[in-house]
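# Close look at the chain arrangement
As a plain string of letters, each chain reads:
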Amino acid sequence: MYEEFFHLTKPPFSMTPDPEFLYLAPTHREALAGLIFTVLGRRGTAVMTGEVGTGKTTLLRKLIQSVPDEKVQFCSVFSTNVPPEEFFELILIGFGLPVTGTGKAQRLLQFWEFLMACDEDGKTPVLLVDEAHKLSAELLEEVRLLMNFETAERKLLQVVLAGQNELRDLMRRDDLRQLRQRVSVRLDIVPLRPSEVEQYMRHRWHRGGGNGNFPFNPEAVDLVAAWSHGIPRVMNAICDISLLRAYTSEMPSVGPETVREAVGVLELTERPPEFGEPRVAVEAPAIHPDPPSPEVLRLPRPVYTTIMPLRRSAAAAEPGPEVAPRQPCWNGAWPALKRKK
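For clarity, every value in this text was computed on a predicted model and none was experimentally measured.

An α-helix turns once every 3.6 residues. As a result, residues three or four positions apart point the same way. For helix 1 (residues 26-40), built from 15 residues, the straight-helix expectation of 21 Å at 1.5 Å per residue is met to within 8% by its first-to-last C-alpha distance of 21 Å. Extensive coverage of helix 1 is indicated by the burial of eleven of its 15 residues. The elements touched by buried residues of helix 1 are strand 1 (45-50), helix 2 (56-66), strand 2 (72-77), strand 3 (124-129), strand 4 (158-163) and strand 5 (185-189). The first or second residue beyond helix 1 is arginine 42, which carries a positive phi of 50 degrees.

Here we take up the pairing of strand 3. With six of its six residues buried, strand 3 lies for the most part within the structure. Burial of strand 3 is two-sided: the residues Thr124, Val126 and Leu128 facing one way and the residues Pro125, Leu127 and Val129 facing the other way are all buried. Pairing geometry for strand 2 and strand 3, over six bridges, is parallel. Looking across to strand 3, one finds that serine 76 is bridged to leucine 128. Where strand 3 lies against strand 4, four bridges are found, and the strand directions are parallel. In the strand pairing of strand 4, leucine 127 is matched with valine 159. After leaving strand 3, the chain enters helix 5 (residues 137-146) and then returns to the sheet as strand 4, a path that is right-handed.

With respect to the secondary-structure elements, glutamate 198 resides in helix 8 (residues 194-207). Given the relative accessible area of 5%, glutamate 198 is considered buried.

Next up on the list: the confidence of the model for the protein. Of the residues in the protein, 78% reach a pLDDT of 70 or more, and the chain-wide mean stands at 81. Note that residues 275-289 has pLDDT below 50 and, in this model, 38 contacts with residues that lie over four places away or in other chains. Within the model, pLDDT remains below 50 along residues 291-341, and this stretch shows 65 contacts once partners closer than five positions in the same chain are excluded.

Further remarks concern helix 9 (residues 218-228). Every buried residue of helix 9 is accounted for by Ala220, Val221, Leu223, Val224, Ala225, Ala226 and Ser228. Buried residues along helix 9 sit against helix 8, helix 10 (232-248) and helix 11 (256-266). Immediately beyond the C-terminal end of helix 9, within one or two residues, lies histidine 229, with a positive phi of roughly 60 degrees.

Here we come to the sheet that holds strand 5. Here we have five strands laid out as an open sheet, ordered 2-3-4-1-5, and parallel in their pairing. The sheet terminates laterally at strand 2 and strand 5, the two strands that pair on one side only. Here the average twist between neighbouring strands, direction ignored, is 15 degrees. Packed on one face of the sheet, helix 2 meets strand 1, strand 2, strand 3, strand 4 and strand 5 and runs near 145 degrees to strand 1.

A volume near 420 Å³ is recorded for the largest pocket. Together, 27 residues line the largest pocket, and Gly53, Thr54, Gly55, Thr58 and Arg233 are the ones closest to its centre. Going through the elements one at a time, helix 2, helix 8 and helix 10 are the ones with two or more residues in the lining of the largest pocket.

The geometry of helix 1 relative to helix 2 is characterised by a closest axis approach of 10 Å and an angle of 50 degrees between their N-to-C directions. Our classification of the angle between helix 1 and helix 2 gives oblique. Of the two elements, helix 1 crosses helix 2, and the hand of that crossing is right-handed. Facing helix 1, whose interface residues are His28, Ala31, Leu32, Leu35, Ile36 and Val39, helix 2 presents Leu59, Leu60, Lys62, Leu63 and Ser66.

About the cut-offs
Residues numbered from 1 in each chain as written. Predicted model: local features only at pLDDT ≥ 70, side-chain atom pairs only at ≥ 80, totals over all residues. Heavy atoms only, no water. Helix = DSSP H or I, 4+ residues; strand = E, 2+ residues; numbered from the N terminus. Expected span 1.5 Å × (residues − 1). Buried < 20%, exposed > 50% of the residue type's maximum accessible area, 1.4 Å probe, protein only. Contact = heavy atoms within 4.5 Å. Pairing = 2+ DSSP bridges. Right-handed = clockwise from strand over helix to strand, strands pointing away. pLDDT = per-residue confidence, 0-100. Axes fitted to C-alpha atoms, helices over the stretch in contact; angles between N-to-C directions. 1 Å grid on protein atoms, 1.4 Å probe; cavity = no way out; pocket = protein on both sides within 12 Å on 5 of 7 lines; lining within 4 Å. Points joined across faces, edges and corners; volume = space filled by probe spheres on them. Parallel < 35°, antiparallel > 145°, perpendicular 65-115°, else oblique. Left-handed = near helix turned anticlockwise from the far one by under 90°.

Now the structure itself:
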C-alpha cells in the first residue's frame, strides 16, 4: 500500500520468510555456514535452535538456495504434530516417492532403496524438519532410526532439526541420549544487538527497492531496537505498521511518535530493555553479499569450540584485572572478566 509513496518495488518488512531479504548477522552467517557444512560434508545431523522470530525458517530456505540442485535433494517437513506413521509418509512424499505398501517394513525398504540410488548417483538426500521443538519423543526416536541408514564410509541421509530453544531442553532428556549423541553440529541463533538493528533495517529497505531515502530517523531506530528486543520478526512488524501510518499521514519520514503508535497497535506491553551498547549510526545501506559458493566456503572457527589462551606481556605482570581464556560460543558471548585474588 505504501510502496509507491516511498518509491519501493516491494514491501521491505514483509513477515514471510523470504531468503532474498535475509540479513546475515554474525550468528546467522555462522549458522548458514554450519548448515552447508553439514549437508555437503555429510556430517549426519545438525540442530539449529533460536528464539521465536529470529530467522530459522528463512535460513533453511536460504540453505536450499545455496547448494547446487544436482548435488542435493531436499525434503522439508513443517507439520510436526502428526502420528509417527503419517510423519514417515510426509518424508516419503517430500522426497517424491510414491507411498506404496501398507506395512512399515515395506516403506523402510522403499526408503533404503531410494537412499542407495541417490548415493550411486552422487546425490545427497537432506531432511529438513522445521518446528522440531513440537516433535514428540516418539517422533524424535523415529528420526533417530532414520539416521541409521548409512554405509561403512558415510551417512546416507543428512538431517537438520530446527526449532525454538525448547528443542535444546527436549534433547537433554535421558531417553533421547542416543539421538543427542548423533548430533555433529549444533547451531544457535540469537537476537540482533542494538548496534545491528539499523544495519538490518537498511538492508531490508535496500532489498525492497529503497535507495538513499531511508525514512527512519535515529530516535525511531532506537525505539525499534528497544521494543523489538532484537527479534527480526518483531522489527518487521513495527517497521511495517510505522511506514503504513507515515503513508496515511503523508509524512516522508518516520519519527519516534510514529513508532510508538505502531507499538501501541501491536500491543507490545513488555517494557523495552536499556541499551547495553550505543547505537552505531549507519550512513549507507549495509548490504551483506550473498554467501560464497559451497566450493569455496570455509567454516568459521566458532563452529569448533576451542580454548585460546591469551598472551600476556611482561608489562601486564603486575596485579590487576586478568582476562579469562576466550571460549567461542554459539551465542557470541564471552566470559566475564575475572579479578586476580
